[in-house]
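Structural characterization, general
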Amino acid sequence: MVANPANAAEHLVAMTGPSALKMEANIVILGTDNVGKSALTVRFLTRRFIGEYGDIESIYTHNVLVDGREITLSIWDSSCSEDQCCESSLQERRVQWADGFVLVYSICDRSSFNTVAKMVQHIKAAKGLQGAEKVPIVIVGNKRDLQHRRTVTSEEGRLLALTTDCQFYEVSAAENYHGVLVAFHGLVDRIRVSRLAVRKPAGIKSIVKSMSAVFGRKRTDSL
Ligand SMILES: Nc1nc2c(ncn2[C@@H]2O[C@H](COP(=O)(O)OP(=O)(O)O)[C@@H](O)[C@H]2O)c(=O)[nH]1
Ligand SMILES: [Mg+2]
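It should be emphasised that the depicted structure is a prediction, and the values quoted were computed from it without experimental measurement. All chains use their own residue numbering, which begins from 1 and follows the written sequence. All chains are assigned letters beginning at A, and all ligands numbers beginning at 1, according to the order in which they are written. For this predicted model, a pLDDT threshold of at least 70 governs which residues receive local features, and a threshold of 80 or more governs which side-chain atom pairs are given and counted, while totals over whole chains, interfaces and linings are taken from all residues.

1. With respect to the overall build of the chain
For the chain, the helix and strand inventory stands at seven helices and six strands. Numbering of helices and strands runs from the N terminus; a helix is a DSSP stretch of H or I covering at least four residues, while a strand is a stretch of E covering at least two. Reading the chain from its N end, one meets helices and strands in the order α-β-α-β-β-α-β-α-β-α-β-α-α.

2. Topic: the site of ligand 1
Contact assignment follows one rule, namely that a residue is near a molecule or strand if its backbone-placed C-beta atom lies within 6 Å of it. Around ligand 1 sit 18 residues, and of these G36, K37, S38, A39 and A174 come closest. Looking at the shell around ligand 1, the element that brings in the most residues is helix α2 (residues 37-46), giving three residues. Here the term charged refers only to Asp, Glu, Lys and Arg, the term nonpolar to Ala, Val, Leu, Ile, Met, Phe, Trp, Tyr, Cys and Pro, and the term polar to all other amino acids, Gly among them. A class-by-class count of the residues in the shell around ligand 1 yields six nonpolar, seven polar and five charged.

3. Thoughts on the sheet that holds strand β2 (residues 58-66)
Pairing between strands is defined by DSSP: at least two bridges between them are needed. Strand order across the open sheet formed by six strands is β2-β3-β1-β4-β5-β6, with mixed pairing between neighbours. Each end of this open sheet is capped by a strand with a single partner; those strands are β2 and β6 (167-170). Averaged over all neighbouring strand pairs, the angle between strand axes comes to 25°, with direction disregarded. Bridge count between strand β5 (residues 137-142) and β6: four bridges; the pairing is parallel. Within β6, the residue paired with G141 across the bridge is E170. Most of the contacts of helix α5 (residues 154-164) go to β6, to which it runs at about 160°, and overall it touches β5 and β6. Axis definition: a line fit to C-alpha positions, over the contact stretch in the case of helices; interaxial angles, taken between N-to-C directions, run 0 to 180 degrees. By the convention adopted here, residues are in contact when the distance between their C-beta atoms, placed from the backbone, does not exceed 7 Å.

4. Re the pairing of strand β4 (residues 100-106)
Once C-beta atoms are placed from the backbone, each residue is buried if 20 or more other C-beta atoms lie within 10 Å of its own, exposed if 12 or fewer, and partly exposed for counts between those two. With seven of seven residues buried, β4 is to be regarded as a mostly interior element. Summarising the sheet, strand β1 (residues 22-30) and β4 pair through four bridges and their orientation is parallel. Each bridged residue has a counterpart across the sheet, and for I27 the counterpart in β4 is G100. Note: β4 against β5, six bridges, orientation parallel. Paired with V102 across the bridge in β5 is V138.

5. Points about the pairing of β2
Relative to strand β3 (residues 69-77), β2 runs antiparallel, the two being bridged by nine bridges. Paired with S58 across the two strands is D77, which belongs to β3.

6. Focus on unusual backbone geometry
Unlike most non-glycine residues, N34 shows phi in positive territory, near 75°. Checked against the element boundaries, N34 lands in the loop between β1 and α2. Phi is positive for D165, which is not a glycine, with a value near 60°. Here D165 is to be found in the loop between α5 and β6.

7. What to know about the confidence of the model for the chain
As a per-residue measure, pLDDT reflects the predictor's confidence and takes values from 0 up to 100. On average, residues of the chain score 83 in pLDDT, and 74% of them are at 70 or above. Within the model, the stretch residues 1-16 combines pLDDT values under 50 with 10 contacts to residues more than four positions away or in other chains. Note that pLDDT drops below 50 for residues 217-223; the model gives that stretch six contacts with residues more than four away or on any other chain.

8. Examining the nonpolar core
One broad rule of soluble globular proteins: the nonpolar side chains tend to lie buried together. Nonpolar core, as used here: buried Ala, Val, Leu, Ile, Met, Phe, Trp, Tyr and Cys residues forming one set through C-beta atoms within 7 Å. V102, L103, I137, V138, I139, V140 and A183 are the most contacted members of the largest nonpolar core, which totals 43 residues. Looking at this core, the elements with two or more residues in it are β1, α2, β3, β4, α4 (110-127), β5, α5 and α6 (177-199). Of the residues forming this core, the biggest block, six residues, is contributed by α6.

9. Observations concerning α2
Along α2, eight of the 10 residues are buried, which leaves the element largely enclosed by surrounding structure. Within the sequence span of α2, burial applies to K37, S38, A39, L40, T41, V42, R43 and F44. Of the residues trailing α2, R47 is marked for its positive phi of about 70°.

This is the structure:
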């Protein structure tokens, strides 16, 4: 087989040129009813809190710029009753579709927190990743403004995230846009890192190998 130097050069430009700065990712928002999944989604998309959101299952597309990189997000705002949350086939489809997960509970609702703990395990098992690969998950304790009704402490949320290798945020979709933004950006960062981890073994080394094939250099294994 004869390698074509022109093709190899094009390939390199494609990997290092403007398209390398673009990324697409699917994000699903999960959690029991009434924890504020739609409120968080709408806050992130529009910066607004409108109070009532109905019960519509929707996928939104949203472009963001993170560190100079254009990212197209598809965000699936799920809606499911409590007992369906882990096992239904719809849930399986959401899990397989998603690159990253926002798992939401309300700080005023302990059972929603327990469900998030179960979901983390379920998602990790369903994704079946190996070795150092991580599932990008952020755990979000919402309704932080309702301190007087709090039943889940911040420490419990933080501990759950720490022990499951997830990221943790406590926010109020009702009162604060910035916290919601930071949580979504945290997830985007996790997705980027997880993609780099997948690509790494085939990264620089394989570029050098293909260049060597083109220019006839034999030894690449010292790299
Ligand atoms: N006080 C307060 N209420 C919130 C917050 N987020 C959502 N809600 C309210 O909680 C209810 C359920 O929100 P929704 O987004 O529909 O929950 P979903 O079923 O998880 O999508 C609505 O009445 C919201 O106005 C919040 O941060 N603080
Ligand atoms: Mg909803």
